[in-house]
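Read off the chains here:
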Amino acid sequence: VHEMIQQLSKIPIVKTLMQFIAQLDVTIVFDMENKAVHYVDPTSGPGTMGITYYKRKFIIIGKEESKSDQYGTFAHEVAHYVLYSVYENSYQPYCKNDEEKKKKWLEIVEKYREFSKKNVLEELIQWVFDCYPIEEHQEYELIVRVPHMLARYRNDKRILEKMRNKHIDLFDFYEQR
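Since this is a predicted model, take the numbers as computed values, not measurements.

**Student:** Let's hear about the nonpolar core: which residues, and what values?
**Tutor:** Counting 45 residues, the largest nonpolar core has Leu8, Phe74, Trp105 and Leu142 as the members making the most contacts within it. The element that contributes the greatest number of residues to this core is helix H3 (residues 67–87), accounting for nine residues. Residues within four places of Phe74 in sequence aside, it is in contact with Val1, Met4, Ile5, Leu8, Met18, Ile28, Phe30 and Ile61.

Following this line, the structure appears as structure tokens:
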């Protein structure tokens, strides 16, 4: 975990997450035996690669195909934990009483929801809409795709630039949170 936090702290946007999580009393477990972690929570799907339980102060990450995928899932789950800690709004990326930010976020989510129907989104983003039928889940899964992509593609500037340009409103919202 320490090595991942060090490596991911080199990414400016993700660094804040890593600094925050390092200060918290949270248990992070890497299950190197099981790729998916749905055995921890039977209500999750068989493709669930990580789970965050804020109230239990617990994050579990499954075995990934590559180190890049594992870094991405780790950043993704840490982002869930930090968003819950900061906003206290069921993992949403805004405070409960911030109607302006909520409206802006829901407009972005709706735009991506429409794009998802055309299957034109990057795989990690498309997955949000294909695997989470409940709209509220789509809302909090979409925002954590930013640190997920930054961590996963951290060593490929070309792909990162492409992702950022293609999903500029998503990245901008995340950076302004």
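There's plenty left to go through after this.
**Student:** How would you summarise the pairing of strand S3 (residues 58–62) if you had to cite specific residues and measurements?
**Tutor:** Successive side chains on a regular strand alternate, one facing one side of the sheet and the next facing the other. Counting buried residues along S3, four of its five residues qualify, which places the element largely inside the surrounding structure. Pairing geometry for strand S2 (residues 50–53) and S3, over four bridges, is antiparallel. Its bridge partner lying in S3, Ile51 is registered against Ile60. Between the end of S2 and the start of S3, which pair antiparallel, lie four residues, with Lys57 showing a positive phi angle near 60 degrees.

**Student:** Quick rundown of the side chain of Glu64? Include the residues and the values.
**Tutor:** Looking at the secondary structure, you find Glu64 in the loop between S3 and H3. Of the side chains with opposite charge, Lys35 lies nearest to the buried Glu64, which makes no salt bridge, at 5.7 Å. At 2.4 Å, the side chain of Glu64 forms a polar contact with the side chain of Thr73. In contact with Glu64, other than residues within four places in its own chain, are Met49, Asp69, Gln70 and Thr73.

**Student:** Hey, could you go over the pattern of salt bridges for me, with residue numbers and the actual values?
**Tutor:** Following the criterion strictly, the structure yields 11 salt bridges and no others. With a shortest N-O distance of 3.1 Å, Glu3 and Lys67 are connected by a salt bridge. Pair noted here: Glu3 is in helix H1 (residues 2–8) and Lys67 is in helix H3, with a separation of 64 residues, a long-range link. According to the relative accessible area criterion, Glu3 is partly exposed, its value standing at 43%. Linking Arg145 and Glu141 is a salt bridge whose minimum nitrogen-to-oxygen distance equals 3.1 Å.

**Student:** I'd love a proper account of the sheet that holds S2, names of residues and values included.
**Tutor:** Strand order in the open sheet formed by three strands is S1-S3-S2, and the pairing between neighbours is mixed. Of all the strands in the sheet, just strand S1 (27–31) and S2 have a single pairing partner and so form its edges. Across this sheet, the average inter-strand angle for adjacent strands is 10 degrees, counted without regard to direction. In this sheet, S3 lies alongside S1 in parallel orientation, the contact comprising five bridges. Within S3, the position partnered with Val29 by the bridge is Ile60.

**Student:** Go over unusual backbone geometry with me, naming the residues and quoting the values.
**Tutor:** With phi around 60 degrees, Lys57 is a residue other than glycine that occupies positive phi space. Tracing the sequence through the fold places Lys57 in the loop between S2 and S3. A relative accessible area of 40% means that Lys57 is categorised as partly exposed. Phi is positive for Glu88, close to 45 degrees, though the residue is something other than glycine. Its location among the elements puts Glu88 in the loop between H3 and helix H4 (99–116).

**Student:** Please set out helix H7 (residues 145–152) residue by residue, giving values where relevant.
**Tutor:** Each α-helix turn comprises 3.6 residues. Residues three or four places apart therefore point the same way. The buried count for H7 comes to eight of eight residues, which makes it a mostly enclosed element. Every buried residue belonging to H7 is among Arg145, Val146, Pro147, His148, Met149, Leu150, Ala151 and Arg152, and all of these are buried.

Thresholds, definitions, all that
Residues numbered from 1 in each chain as written. Predicted model: local features only at pLDDT ≥ 70, side-chain atom pairs only at ≥ 80, totals over all residues. Heavy atoms only, no water. Core = buried A, V, L, I, M, F, W, Y, C linked by side-chain atoms within 4.5 Å. Buried < 20%, exposed > 50% of the residue type's maximum accessible area, 1.4 Å probe, protein only. Helix = DSSP H or I, 4+ residues; strand = E, 2+ residues; numbered from the N terminus. Contact = heavy atoms within 4.5 Å. Pairing = 2+ DSSP bridges. Lys, Arg positive; Asp, Glu negative; His and termini not counted. Salt bridge = Lys/Arg side-chain N within 4 Å of Asp/Glu carboxyl O. Polar contact = N/O pair within 3.5 Å; in protein donor to acceptor, adjacent residues only side chain to side chain. Axes fitted to C-alpha atoms, helices over the stretch in contact; angles between N-to-C directions.

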